[in-house]
Amino acid sequence: MGRAVPGTSQFFATCGVERAEGRPGGLAGIDVTAMRCEEAQQLFDAYLDGELSPSLTAELDAHRLQCAECRRALAILEVTGHVLGSDHEPVMLEADFTDRLLACVERPRLGRWQQVRRLAFLGGSLAAAAVIGMAFLGVFDRGKQSKVAGEKVERVLQAPASPAVQQDSPSAEDLKAAEQAIDEWIEKMRTSLEVKRQSGESLQKALDLTILQVLDILEELNDPSSLHLPGADEAAPFLPIKPPPVDDEDVDDL
Amino acid sequence: MTDDASKLGRDQEKLLVQRAQAGDRPALRQLVDFHKDRLFAFIWRMVRDHHEAEDICQEAFLKAFGSLDTFSSEYRFSTWLFTIGYRVCLNRMRRKKIFAGEVDVSTAASPVTSGAAQTAESDEAGRVRDVVWSAVDRLSPPQRATILLFYRNDFGCHEIARVLQLPVATVKSHLHRARAKLKELLEGAWDGQSQELRNFSQRAG
């Protein structure tokens, strides 16, 4: 059975008895040359498990040859151990047990390569959505409106002046027209900037939401407990995942 | 006992568990195939009901796979699996006790031994076997689990202590008391009826 064989001293320590001084293999207060039944019976467990030192094994063997009662008791325990250790199982699992069990594991978790592919797909979709959104909101037309408005003002300012104007200072009408054009231009720029600001905020929100969704997916992919197991989520009032130590007496009552 | 599970080395088992943790289905299948027979045999010996044992076995695997990320590789997967299986067993036995009174597996019908096994052993050996297993069925659940894990699964006291979640000293005590009780029960059977048990033990002794 491959169990560790402790030394004699260790065995004595576990038995709670002291080793006799100057008598290797002897027990304090026990005359090993004439072992009594009670003393022999204390050593049965260690004897059966092969944990007894060679000298004590020899002493117990000697006692066993002389004592019919201990011989019978040891024989019963040895027969029991032999039957328990070597008997064939009279029942077997159904042949399709593994298939049925794995069928219960409904959603297999993705492998590494599948995870990479899924992430690449998600990343590509996200980038495409961002480009389409930006095009839709006119981000790529930046400056077009301001350019048109600027040209209008320029036209007004560079328009040939009236003869009166050419001679003297600009007339009040010309100035008013120029002022009006500038106001229009400023108003258009303001409107345009406001639209762009709102569009940018909407796009930012959309991107934030998408990123959060991707992060959720990433978290799910990295979470081993995401493997869905029917019954695994069931309330288990009797069995926590890490069960606490059982009260021995409680179990003995079963 | 030489079966697939005993051939599975610790490193190999660790690798399989890592693959299973990464979602590798073939690794899950291998883990099931390596451990199912030993786990089922242990559970069946505890509950003595084929369908219930299969059900518990399945539940134990599903629970193990469901919390595979909590598995610590410092322990053997088999130890962890048996711990879960034993807990599920105890829970079922508690429920049975609640709903159907006392549970006495010693009254459970023994399965019919296969023809090959019947012809391979004499009537005498068969009776000895029956007497021994009947005595085992009359042990308390922790004692029975200790005896089964010790003799049939080659678990040491420390490993049994992990499975049963008890101190090692308590496991040793269970083992000692189980042996004493088995001896007492078998001596009763000896004195009461069976010359064959006497013959058998004389040969063994």
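Our subject in this report is the structure included herewith. (Residues numbered from 1 in each chain as written. Chains lettered and ligands numbered in written order. Predicted model: local features only at pLDDT ≥ 70, side-chain atom pairs only at ≥ 80, totals over all residues. Heavy atoms only, no water.)

Now for the pattern of salt bridges. Using the criterion set out here, one finds 21 salt bridges over all chains in the structure. Among the ionic pairs, B:Arg29 bridges to A:Asp99, the shortest N-O distance being 2.8 Å. Of this pair, B:Arg29 sits in helix 3 (residues 25-47) while A:Asp99 sits in helix 6 (residues 97-104), on two different chains. Taking the relative accessible area as the measure of exposure, B:Arg29 reaches 33% and is therefore partly exposed. Exposure remark for A:Asp99: the relative accessible area of 42% places this residue in the partly exposed category. With its nearest N and O atoms 4.0 Å apart, the salt bridge here joins B:Glu59 to B:Lys63. Taken as a pair, B:Glu59 and B:Lys63 lie in helix 4 (residues 50-66) at a separation of four residues, close to a single helical turn. Owing to a relative accessible area of 25%, B:Glu59 belongs among the partly exposed residues under this scheme. (Salt bridge = Lys/Arg side-chain N within 4 Å of Asp/Glu carboxyl O. Helix = DSSP H or I, 4+ residues; strand = E, 2+ residues; numbered from the N terminus. Buried < 20%, exposed > 50% of the residue type's maximum accessible area, 1.4 Å probe, protein only.)

Our focus in this paragraph is the environment of B:Ser78. Residues and elements named next belong to chain B. Its location among the elements puts serine 78 in helix 5 (residues 77-100). A relative accessible area of 4% places serine 78 in the buried class. The residues contacting serine 78, other than those within four sequence positions of it, are Glu13, His35 and Arg38. (Contact = heavy atoms within 4.5 Å.)

This paragraph deals with the packing of helix 2 (residues 10-21) of chain B against helix 3 of chain B. In a pair of packed helices, the angle between the axes and the distance between the axes together describe the arrangement. Residues and elements named next belong to chain B. The N-to-C vectors of helix 2 and helix 3 enclose an angle of 135°; their axes lie 8 Å apart at closest approach. With respect to helix 3, the element helix 2 is oriented oblique. Of the two possible hands of crossing, helix 2 and helix 3 adopt the one that is left-handed. Along its contact with helix 2, which presents Gln12, Glu13, Leu16, Val17, Arg19 and Ala20, the element helix 3 presents Pro26, Ala27, Leu28, Gln30, Leu31, Phe34 and His35. Among the residues making up the contact of helix 2 with helix 3, the classes are represented as eight nonpolar, three polar and two charged. (Axes fitted to C-alpha atoms, helices over the stretch in contact; angles between N-to-C directions. Parallel < 35°, antiparallel > 145°, perpendicular 65-115°, else oblique. Left-handed = near helix turned anticlockwise from the far one by under 90°. Nonpolar A, V, L, I, M, F, W, Y, C, P; charged D, E, K, R; others polar.)

Burial analysis of helix 8 (residues 141-151) of chain B places 11 of its 11 residues in the buried class, the great majority of the element. Where helix 8 of chain B is concerned, the buried positions are B:Pro141, B:Pro142, B:Gln143, B:Arg144, B:Ala145, B:Thr146, B:Ile147, B:Leu148, B:Leu149, B:Phe150 and B:Tyr151.

Before going further, it helps to examine the state of the cysteines. Evaluation of the coordinates by the stated rule reveals zero disulfides over all chains. Here B:Cys89 stays unpaired: no disulfide links it, and the sulfur of B:Cys57, its closest cysteine neighbor, is 9.5 Å away. (Disulfide = S-S within 2.5 Å.)

Turning next to unusual backbone geometry. All names here are of chain B. Positive phi values are uncommon outside glycine, yet aspartate 154 reaches one of about 55°. Within the secondary structure, aspartate 154 is located in the loop between helix 8 and helix 9 (157-164). The exposure class assigned to aspartate 154 is partly exposed, which follows from its relative accessible area of 33%. Even without being glycine, glutamine 165 reaches a positive phi, approximately 55°. Considering the arrangement of structural elements, one finds glutamine 165 in the loop between helix 9 and helix 10 (168-192). Judged by its relative accessible area of 25%, glutamine 165 is partly exposed.

Interaxial distance between helix 6 of chain A and helix 4 of chain B falls to 10 Å at its minimum, and their mutual angle equals 45°. Judged on the interaxial angle alone, helix 4 of chain B and helix 6 of chain A are oblique. In this structure, helix 6 of chain A meets helix 4 of chain B at a crossing whose hand is right-handed. Facing A:Phe97, A:Arg100, A:Leu101 and A:Cys104 of helix 6 of chain A, the residues of helix 4 of chain B in contact are B:Glu54, B:Cys57, B:Gln58, B:Phe61, B:Leu62 and B:Phe65. The residue makeup of the contact of helix 6 of chain A with helix 4 of chain B, split by class, is seven nonpolar, one polar and two charged.

Let us now look at the side chain of A:His63. Residues and elements named next belong to chain A. Relative to the elements of secondary structure, histidine 63 occurs in helix 4 (residues 54-66). According to the relative accessible area criterion, histidine 63 is buried, its value standing at 9%. Every residue in contact with histidine 63, bar those within four places of it in the chain, is listed here: Met35, Arg36, Cys37, Ala40 and Cys70.

This next bit is on helix 2 of chain B. All names here are of chain B. The terminal C-alpha atoms of helix 2, which comprises 12 residues, lie 16 Å apart, in line with the 16 Å expected from a rise of 1.5 Å per residue. Among all positions of helix 2, only Glu13, Leu16, Val17 and Ala20 are buried. For helix 2, the buried positions fall inside an angular range of 100° around the axis, keeping them on one side. Of the residues trailing helix 2, glycine 23 is marked for its positive phi of about 95°. (Expected span 1.5 Å × (residues − 1). Arc of directions from axis to C-beta.)

On to the nonpolar core, then. In this structure, B:Phe42, B:Ile43, B:Phe61, B:Phe65 and B:Phe77 are the most contacted members of the largest nonpolar core, which totals 70 residues. If one sorts the elements of this core by residue count, helix 3 of chain B sits on top with 12 residues. (Core = buried A, V, L, I, M, F, W, Y, C linked by side-chain atoms within 4.5 Å.)

Next up on the list: the environment of A:Met35. Residues and elements named next belong to chain A. Mapped onto the elements of the fold, methionine 35 is located in the loop between helix 1 (8-15) and helix 2 (37-42). What makes methionine 35 buried here is its relative accessible area of 8%. If near-sequence neighbours (up to four positions away) are discounted, methionine 35 is found in contact with Ala40, Leu43, Leu56, Glu59, Leu60 and His63.

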